[in-house]
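A look at the structure
One-letter residues, chain by chain:
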There are 2 protein chains.
Amino acid sequence: MARINENFLNLQKSYLFVEISKRVEDFKKRYPDRKIIKMGIGDVTRPLPKACIEALHKAVDEMAKEDTFKGYGPEQGYLFLREKIAEFDFKKRGVDISADEIFISDGAKCDTANFQELFGEDVKIALLDPVYPVYLDTNVMAGRAGEFRDGRYSNIVYLECTRDNSFKPSLPKERVDLIYLCFPNNPTGTTLTKEDLKKWVDYAKDNRSIILFDAAYEAFIRDENVPHSIFEIEGAKEVAVEFRSFSKTAGFTGLRCAYTVVPKECVAYTKDGRPVSLKELWHRRQSTKFNGVSYPVQRAAEAVYSEEGQKEIKENIDYYLKNAELILKEMGAMGFECYGGKNSPYVWVYGKKDSWEFFDELLEKAGVVCTPGEGFGLCGKGYIRLSAFNSFENVKEAMERIKNGF
Amino acid sequence: MARINENFLNLQKSYLFVEISKRVEDFKKRYPDRKIIKMGIGDVTRPLPKACIEALHKAVDEMAKEDTFKGYGPEQGYLFLREKIAEFDFKKRGVDISADEIFISDGAKCDTANFQELFGEDVKIALLDPVYPVYLDTNVMAGRAGEFRDGRYSNIVYLECTRDNSFKPSLPKERVDLIYLCFPNNPTGTTLTKEDLKKWVDYAKDNRSIILFDAAYEAFIRDENVPHSIFEIEGAKEVAVEFRSFSKTAGFTGLRCAYTVVPKECVAYTKDGRPVSLKELWHRRQSTKFNGVSYPVQRAAEAVYSEEGQKEIKENIDYYLKNAELILKEMGAMGFECYGGKNSPYVWVYGKKDSWEFFDELLEKAGVVCTPGEGFGLCGKGYIRLSAFNSFENVKEAMERIKNGF
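Turning our attention to the overall build of chain A. When helices and strands are tallied, chain A shows 12 helices and 17 strands. Its C-alpha atoms give chain A a radius of gyration of 22 Å, near enough to 22 Å, the size a compact globule of 406 residues would have. Along the first, second and third principal axes, the C-alpha atoms of chain A reach 60 × 55 × 55 Å. Counting the 406 residues in chain A, one finds 64% classified as buried. Within chain A, contacts between residues separated by at least 24 positions form 73% of all contacts whose residues are at least 6 apart in sequence. Per element, the accessible surface of chain A, about 15500 Å² overall, is 47% carbon and sulfur.

The following block contains the structure:
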């Protein structure tokens, strides 16, 4: 009898998006003529930069001719792309990361989901609350979560992020092994300073823990004191791994390209305390279970670092940031407590009421769809997430409708 | 202290390709003027079909405009592609597989590597020897392999495929839970008939085992009595999962697209014997850990099923099969025992000597690089694999050189 991995049965079903679409469908039936503006979606809306489009066409043409055709590429990614990343995303910011510490993949979701495979079954996991659900669910599947009761798993350490601590998580009271941090944060849109982040690096060094740092929203950072990479913090290379993505940076959500940085200094340990290079383990994992990213897509990612590409992605992100600014300003003027939205496409709004009640009000009074905060964890209760991934016209109209409706 | 998954330390290092390139480099130094013909590579050489190139360009243009831009797609793959697959690869062959049983991915390597996650840690694994190493290594990483001694893992059941059993594995003596089968086989190039395969399906039904059927080389099948899909066997849907790929079918090794079929009837069991749908588990796994395949690549895969696409892939595969035919004919005429090569791009040659000795002879006497069979397992000793993925001219020249050299 082939037995299943019963940890899968310990996963909690997410009714969030099902429930949202149920309520939206119901609204549409009742008001067939009212236009809905969707501000709940965490997906880009602007088309790919021209530099990427050109690179894609060129690479596709290479695939059409025998002498330029590309078959299997290196599992770790083509060197032309890894070298550009090392130079532009790290060396230009004074961070010494080399091309062989960079692993190209088809998504930060896959990488943040798969990286836990390198660790023992009994490592202790800490993650933020509210949180991107992938970190949690993949550890549930791996059998690390414990029992689920009252909305939480017994073996997971939840690092609470609320208005009371300005969304800056405190160091855990019990020691933990793996710490998932995501800044600029999804869903709250908040950031940490270098000083804040240094506390975590110091903690990880003192406890021989590993920080899994998700920097998927790095491109939205505009403030000088917000670190773009955890490796800007001294000593971080020994204790941190960083996940980056072209999804939000360059609109690649439908094209699929991301990368993970595993510095050569970064080690975890065997039971008897022997250090083992995580870079070597990840390389072995990726070369065994993954076959590299589509060649034309890697060429498109390379084009992000061209002069034209850099200009275009900045324009696109400025566009979304302008949307976020308007949301912050208008919602703030209406008296709502708002967070994030400055180095992030997300505005986290405190509604002083149940998330779903707030959701219904926005829908009924303004025809605006948001994401109820409790979909991201217990600490999301009472909040909603508004996304700046939309046209400026839609955002403007949404704000006017909310103003008139409330 | 963050502890590693020590199962990774139980992986055996593969020196195969390192050793091959060492010997080739040494040869080049000694004979800088001799041209080397590589017949060891399992990668396509012909460019992408024109139908796919056109579909790629068209999809790239869609990504350039706001109103046709595609962001995140469905994790399971776009319906336009899944419907084409269900129709062409299954319904047209009389096999009733529906679009919702098909999961698009970026490679059969990933799927065959990841599928074991759905099963308990203590399931018993059976795999062919010789074998594609991914099935084994991923189970080593998951802790199912046991101790390594004398070239084998203690908990793995090896199904031997040799000239003595015409490369048709016998049913295992001890019961097993998961059975990895690959036909047309890599590396031997041999196939099973429907009657052969039926034995395995019956075994799986009797033992509540699951067959993981890798049909990556399906497009090379020309004989009528060789099944294209395990689902041609009655009752297979209850006990089998099938992996397919566009890599060898349409030259997508650098583009990355594959799919896995998990029929709704297929179940594994909880400890207390309750059946659980593998389709539901795989859907949960994929939607949690994967974010779908690049949109232009899915459009290219769709184009494989156009009239022009079908014609072009047939021409390409006929081209490789003509190469294989020549290898079979010429090597046979020289007195070598040859297997495979008829419904497969691989010819498996018995050398009556050590694989590496045979490798060296081919290199020294003919400047031809092959793959030593022992790289695929103990039962590969004494064999080499010759690949038909090359130009016809190169294959012809290689055969002439071998004829003259031996």
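A separate point is the confidence of the model for chain A. Overall, the predicted model of chain A reaches an average pLDDT of 96, with 100% of residues at or above 70. Taken together, the chains of this predicted complex give a pTM of 0.97 and an interface ipTM of 0.97.

Any aromatic ring pair is given by two values, namely how distant the centres are and how the planes are angled relative to each other. On inspection of all chains with the given rule, the structure shows 60 aromatic pairs over all chains. Measuring from ring centre to ring centre gives 4.9 Å for Y135 of chain B and Y180 of chain B, while their planes differ by 20°; the resulting arrangement is stacked. You can see Y135 of chain B sitting in helix α5 (residues 133-141) and its partner Y180 of chain B sitting in strand β7 (residues 178-182), a full 45 residues away along the chain. Accessibility assignment for this pair places Y135 of chain B and Y180 of chain B in one class, buried. Aromatic ring contacts, followed pair by pair, group F88, F90, F246, F252, Y259 and Y305 of chain A into a single cluster. The side chain of R385 of chain B reaches across the aromatic face of Y346 of chain B, ending 4.1 Å from its centre.

Below, the discussion takes up the sheet that holds strand β8 (residues 210-214) of chain B. Residues and elements named next belong to chain B. Strand order across the open sheet formed by 7 strands is β2-β10-β9-β8-β7-β3-β6, with mixed pairing between neighbours. Sheet topology places β2 (102-105) and β6 (156-160) at the edges, where each strand pairs with a single neighbour. The average undirected angle you get between the axes of adjacent strands in this sheet is 20°. The pairing of strand β3 (residues 125-129) with β7 spans 3 bridges and is classified as parallel. Residue L127 lies in a different strand from β7, and its bridge partner there is Y180.

For the pair of chain copies, the relating operation is a rotation around an axis with a shift along it. Here chain B sits on chain A after a turn of 180° about the axis and a move of 0.0 Å along it, with an RMSD of 0.0 Å. Those values place the two copies in the arrangement expected of a two-fold rotation axis. When C-alpha distances to the rotation axis are compared across chain B, the minimum falls at H57 of chain B, with a value of 3.1 Å. In this assembly the copies share their binding face: 100% of the residues contributing to the interface of chain B also contribute to that of chain A.

Paired through their backbone hydrogen bonds, the strands of a sheet run either parallel or antiparallel. Residue and element names in this part refer to chain B. Taken in spatial order, the 4 strands make up an open sheet running β13-β14-β17-β16, and their pairing is antiparallel. At either end of the open sheet lies a strand with only one pairing partner, and these are β13 (337-340) and β16 (371-372). Sheet topology places β16 next to strand β17 (residues 383-387); 2 bridges connect them, and they run antiparallel. Along β17, the bridge assignment pairs T371 with R385. Relative to β17, helix α11 (residues 355-366) is tilted by about 45°, and along the sheet it contacts β14 (346-350), β16 and β17.

Moving on, we come to the interface of chain B and chain A. Counting residues at the interface gives 82 residues for chain B and 82 residues for chain A. Taking both partners together, chain B and chain A bury about 6900 Å²; carbon and sulfur atoms supply 58% of that area. Applying the counting criterion to the chain B and chain A interface returns 6 salt bridges. Among the salt bridges present, the one from R284 of chain B reaches D137 of chain A, with a minimum N-O distance of 3.3 Å. In this assembly, chain B and chain A are joined by 45 residue pairs in polar contact (both at pLDDT 80 or more). The element that contributes the greatest number of residues to the side of chain B that touches chain A is helix α8 (residues 278-289) of chain B, accounting for 6 residues. Looking at the side of chain B that touches chain A residue by residue, the classes come out as 34 nonpolar, 22 polar and 26 charged.

Counting 148 residues, the largest nonpolar core has I211, F246 and F252 of chain A together with I211, I230, F246 and F252 of chain B as its most contacted members. The residues touching I211 of chain B, leaving out its near neighbours within four places in the chain, are I179, L181, W200, V201, A204, I230, V239, A240 and V241 of chain B. Counting residues in each nonpolar core, the second largest holds 68 residues, with A2 of chain A together with A2, F115 and V262 of chain B among its members.

Next up on the list: the environment of A216 of chain B. Residues and elements named next belong to chain B. Position of A216 among the secondary structure elements: in the loop between β8 and β9 (240-245). Residues A216 and F243 lie 27 residues apart in sequence; the distance between their C-alpha atoms is 6.7 Å. Not counting the four nearest positions on each side in its chain, A216 is found in contact with F243, S245, K248 and T249.

In this section: the environment of L136 of chain B. Residues and elements named next belong to chain B. Among the secondary structure elements, L136 is positioned in helix α5. In this structure L136 comes out as buried when scored by relative accessible area, which is 14%. Sequence separation between L136 and F290 is 154 residues; the distance between their C-alpha atoms is 22 Å. Setting aside residues no more than four positions away along its own chain, L136 makes contact with L127, Y153, I156 and Y158.

Residues and elements named next belong to chain A. With 12 residues, helix α8 (residues 278-289) should cover 16 Å at 1.5 Å per step; its first-to-last C-alpha distance of 16 Å lies within 8% of that length. Looking at α8, one finds that the buried residues are L278, K279, L281, W282, R284, R285, Q286, S287, T288 and K289. One side-chain oxygen at the N-terminal end of α8 lies 3.3 Å from the backbone nitrogen of K279; it belongs to S277.

Scanning the entire structure with this criterion turns up 9 cavities of 30 Å³ or more. Put simply, the largest cavity is a space of about 150 Å³. In this structure, the largest cavity is lined by 18 residues; those nearest its centre are N114 of chain A together with D106, C110, N114 and F290 of chain B. Elements supplying a minimum of two residues to the lining of the largest cavity: α4 (108-114) and α8 of chain A together with α4 (108-114) and α8 of chain B. Of the voids in this model, the second largest cavity is the one considered here, and its volume is about 100 Å³. Looking at the lining of the second largest cavity residue by residue, the class counts come to 6 nonpolar, 4 polar and 4 charged.

Let us look at the side chain of R385 of chain A. All names here are of chain A. Relative to the assigned elements, R385 resides in strand β17 (residues 383-387). For the buried R385, no salt bridge is present, and the opposite-charge side chain at shortest range is D43, 10 Å distant. Within polar-contact distance, the side chain of R385 engages the side chain of N186 at 2.8 Å. Setting aside anything within four residues of it in sequence, one finds R385 in contact with M39, G40, I41, G42, N186, P187, Y346, V347, W348, C370, T371 and F376.

Quick look at the pattern of salt bridges now. Residue and element names in this part refer to chain A. Counted under the stated rule, the structure contains 75 salt bridges over all chains. In this structure, R149 engages E147 in a salt bridge whose closest nitrogen and oxygen atoms are separated by 3.2 Å. Judged by its relative accessible area of 47%, R149 is partly exposed. Because the salt bridges share partners, they merge into one network encompassing E19, K22, R23 and D360.

Residues and elements named next belong to chain B. An ideal rise of 1.5 Å per residue puts 20 Å on 14 residues; helix α12 (residues 392-405) measures up with 20 Å between its terminal C-alpha atoms. Taken as a whole, α12 has its buried residues at F392, V395, A398, M399, R401 and I402. Next to the buried residues of α12 lie β1 (37-38), α10 (307-333), α11, β15 (368-369) and β17.

A cis amide bond, omega -10°, links F183 of chain A with the succeeding residue P184 of chain A. With respect to the helices and strands, the residue P184 of chain A is situated in the loop between β7 (178-182) and α6 (194-207). In this structure, D150 of chain B takes a positive phi of about 50° despite not being glycine. Tracing the sequence through the fold places D150 of chain B in the loop between β4 (148-149) and β5 (152-153). Judged by its relative accessible area of 74%, D150 of chain B is exposed. Non-glycine residue R256 of chain B carries a positive phi angle of around 75°.

Criteria and thresholds
- Residues numbered from 1 in each chain as written.
- Chains lettered and ligands numbered in written order.
- Predicted model: local features only at pLDDT ≥ 70, side-chain atom pairs only at ≥ 80, totals over all residues.
- Heavy atoms only, no water.
- Helix = DSSP H or I, 4+ residues; strand = E, 2+ residues; numbered from the N terminus.
- Rg over C-alpha atoms; globule rule 2.2 N^0.38 Å.
- Buried < 20%, exposed > 50% of the residue type's maximum accessible area, 1.4 Å probe, protein only.
- Contact = heavy atoms within 4.5 Å.
- Areas by Shrake-Rupley, 256 points an atom, 1.4 Å probe, with all protein chains shown as cover.
- pLDDT = per-residue confidence, 0-100.
- Phe/Tyr/Trp six-rings, centres within 6.5 Å; stacked < 30°, edge-to-face > 60°.
- Lys NZ or Arg CZ within 6 Å of the ring centre and 35° of its normal.
- Pairing = 2+ DSSP bridges.
- Axes fitted to C-alpha atoms, helices over the stretch in contact; angles between N-to-C directions.
- Least-squares fit on C-alpha atoms with pLDDT ≥ 70 in both.
- Buried area = accessible area lost by both parts, 1.4 Å probe.
- Salt bridge = Lys/Arg side-chain N within 4 Å of Asp/Glu carboxyl O.
- Polar contact = N/O pair within 3.5 Å; in protein donor to acceptor, adjacent residues only side chain to side chain.
- Nonpolar A, V, L, I, M, F, W, Y, C, P; charged D, E, K, R; others polar.
- Core = buried A, V, L, I, M, F, W, Y, C linked by side-chain atoms within 4.5 Å.
- Expected span 1.5 Å × (residues − 1).
- 1 Å grid on protein atoms, 1.4 Å probe; cavity = no way out; pocket = protein on both sides within 12 Å on 5 of 7 lines; lining within 4 Å.
- Points joined across faces, edges and corners; volume = space filled by probe spheres on them.
- Lys, Arg positive; Asp, Glu negative; His and termini not counted.

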